[in-house]
Amino acid sequence: MNRILNKLERKIGRYAIPNLILWLLAGYAIGFVLLRMMPDVFYLMTLEPHYILQGQIWRLMTWVLVPPSENILFAVIMMLFYYQLGQSLERTWGTFRFNVYIFGGIIFTILGAFLLYGAYYALNGAAVTGMGFFFSTNYINMTIFLAFAVCYPQMQVYIYFFIPVKMKWLAVVYCVMIALSMFESNWAGRVAILMSILNFLIFYFGSRNYQRVSPKEIHRRQTFRAQMRQSQPRAGVTKHKCAICGRTEKDDPNLEFRFCSKCEGNYEYCQDHLFTHQHVHKS
């Protein structure tokens, strides 16, 4: 995965958009104003494959402008929160990889909409509309949070400004929310959710270190453990033994043992006999 991204970055990295999260949030602001001033325009912005195939190709881009909520207070808090997360991820990964992550989520969502449209058309033999309500950037935003939580699992955030919670536990809550949404939704909603978070799944599993579970690495660890077991002293075997009295370190852990340099051969003596023994000479 990293090799592919490195090659792509060398070739097209110069086309990456700096501060991409800022542009996305600015698009939310434009979409929010349009929905407030011209509510009917919402039906011309959604991701509807049927109308796109009829020539309304602007829907391939305008669905990204639809804000996740019409509540202005929630929208402002959400935009500030995701701006900080997006900036941090861009600094961590680099501009190109952050672009790949965001545009990957957008492209996968569009592909999911057309695949679902094709499946419904094949089963029913007729065009299907109204699918655009299921496809939004809401779950793409969730993947930004999940990616940040993977990169900084121990970082704390303050819920309601005074309740400290680590990012990894908030990520668990997000995953539960996504699972519940998939369980409660219909097939259109499930496809929309799955395709929207596909970029995170690819990032998560693509960034894991699978070398530790490879057959070669498992065999190496097993061989190492077997060698360590063989090198460990067996029960009843001692490291030191006095050549005079026969005492070992098991008789007294405080005993000190030394080899005599004047004896011919490897003779070891305890501290009591090191200087009092008779030197051994073979000649």
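Fair warning: this is a prediction, and the values are worked out from it, not measured in the lab. (Residues numbered from 1 in each chain as written. Predicted model: local features only at pLDDT ≥ 70, side-chain atom pairs only at ≥ 80, totals over all residues. Heavy atoms only, no water.)

1. Details of the overall build of the protein chain
Consideration 1: Scanning the protein chain from terminus to terminus reveals 11 helices and four strands.
Consideration 2: Counting all 283 residues of the protein chain, 35% fall into the buried class.
Consideration 3: Of the contacts formed within the protein chain by residues at least 6 apart in sequence, a portion of 61% connects residues at least 24 apart.
Consideration 4: Carbon and sulfur atoms make up 63% of the accessible area of the protein chain, which totals about 18600 Å². (Helix = DSSP H or I, 4+ residues; strand = E, 2+ residues; numbered from the N terminus. Buried < 20%, exposed > 50% of the residue type's maximum accessible area, 1.4 Å probe, protein only. Contact = heavy atoms within 4.5 Å. Areas by Shrake-Rupley, 256 points an atom, 1.4 Å probe, with all protein chains shown as cover.)

2. Looking at a nonpolar patch on the surface
Consideration 1: A cluster of nonpolar side chains, I17, W23, F103, I107, L111 and L115, forms an exposed patch at the surface whose accessible area comes to about 620 Å².
Consideration 2: Tallying contributions element by element places helix α6 (residues 95–124) first for the nonpolar patch, with four residues.
Consideration 3: The exposed category is assigned to W23, whose relative accessible area is 60%. (Patch = residues over 30% accessible without salt bridge, like charges linked within 9 Å, V, L, I, M, F, W, Y side chains within 5 Å. Salt bridge = Lys/Arg side-chain N within 4 Å of Asp/Glu carboxyl O.)

3. Structural notes on the packing of helix α7 (residues 138–151) against helix α10 (residues 198–206)
Consideration 1: Put simply, α7 and α10 touch, their axes get as near as 9 Å, and they point 15° apart. It follows that α7 is roughly parallel to α10 by the angle criterion. Considering the relative orientation of α7 and α10, their crossing is right-handed. On the side of α7, the interface is formed by T143, L146, A147, V150 and C151, while α10 contributes N199, F200, F203 and Y204.
Consideration 2: Looking at the contact of α7 with α10 residue by residue, the class counts come to seven nonpolar, two polar and no charged. (Axes fitted to C-alpha atoms, helices over the stretch in contact; angles between N-to-C directions. Parallel < 35°, antiparallel > 145°, perpendicular 65-115°, else oblique. Left-handed = near helix turned anticlockwise from the far one by under 90°. Nonpolar A, V, L, I, M, F, W, Y, C, P; charged D, E, K, R; others polar.)

4. Re the side chain of T109
Consideration 1: With respect to the helices and strands, T109 occurs in helix α6.
Consideration 2: On the basis of relative accessibility, which here comes to 0%, the residue T109 falls in the buried class.
Consideration 3: Setting aside its immediate chain neighbours within four residues, T109 contacts L47, W63, F135, S136, I140, M195 and S196.

5. Quick notes on the pattern of salt bridges
Consideration 1: If you walk through the whole model with that rule in mind, you get two salt bridges.
Consideration 2: Notably, a salt bridge pairs D272 with R247, separated by 2.6 Å at the nearest N-O pair. In this pair, D272 sits in the segment after β4 (268–270) while R247 sits in the loop between α11 (215–231) and β3 (257–259), placing the two residues 25 residues apart along the sequence.
Consideration 3: You can call R247 partly exposed: its relative accessible area is 28%.
Consideration 4: Across the pair E256 and R258 runs a salt bridge, and its minimum N-O distance is 3.7 Å.

6. Side note on helix α5 (residues 72–93)
Consideration 1: End to end, α5 covers 31 Å across 22 residues, agreeing with the expected 32 Å (1.5 Å per residue, within 8%).
Consideration 2: Against the buried residues of α5 lie α2 (20–37), α6, α7, α8 (167–184) and α10. (Expected span 1.5 Å × (residues − 1).)

7. Focus: the nonpolar core
Consideration 1: Membership of the largest hydrophobic core comes to 47 residues, with the highest contact counts inside it found for I102 and F145.
Consideration 2: Those elements that place two or more of their residues in this core are α2, α5, α6, α7, α8, α9 (187–196) and α10.
Consideration 3: Sorting elements by how many residues they give to this core places α7 first, with nine residues.
Consideration 4: When neighbours within four sequence positions are excluded, I102 is seen to be in contact with L20, L24 and I144. (Core = buried A, V, L, I, M, F, W, Y, C linked by side-chain atoms within 4.5 Å.)

8. Side note on unusual backbone geometry
Consideration 1: Its identity is not glycine, yet N19 carries a phi of approximately 55°, on the positive side.
Consideration 2: If you trace the backbone, N19 turns up in the loop between α1 (2–12) and α2.

9. Brief notes about α10
Think of an α-helix as turning once every 3.6 residues; residues three or four places apart then point the same way.
Consideration 1: When we look at burial in α10, the residues that qualify are N199, F200 and F203. Considered in projection along α10, the buried side chains sweep an arc of 95° and stay on one side of the axis. (Arc of directions from axis to C-beta.)

10. With respect to the packing of α5 against α6
Consideration 1: Axis separation between α5 and α6 bottoms out at 6 Å; the angle between their running directions is 125°. Comparing the axis directions of α5 and α6 gives the class oblique. Of α6, the residues touching α5 (which contributes G86, L89, E90 and W93) are T95, R97, F98 and Y101.
Consideration 2: When grouped by side-chain class, the residues that make up the contact of α5 with α6 number four nonpolar, two polar and two charged.

11. Notes on the environment of N138
Consideration 1: Looking at the secondary structure, you find N138 in helix α7.
Consideration 2: Residue N138 is classed as partly exposed on the basis of its relative accessible area of 30%.
Consideration 3: Separated by 74 residues in the primary sequence, N138 and V64 have C-alpha atoms spaced 9.7 Å apart.

12. A word on the state of the cysteines
Consideration 1: Under the counting rule described, the total for this entry stands at zero disulfides.
Consideration 2: With no disulfide of its own, C245 lies closest to C242 among cysteine sulfurs, the gap being 3.6 Å.
Consideration 3: Residue C245 is classed as partly exposed on the basis of its relative accessible area, which comes to 33%. (Disulfide = S-S within 2.5 Å.)

Just geometry here; none of it tells us what the structure is for.
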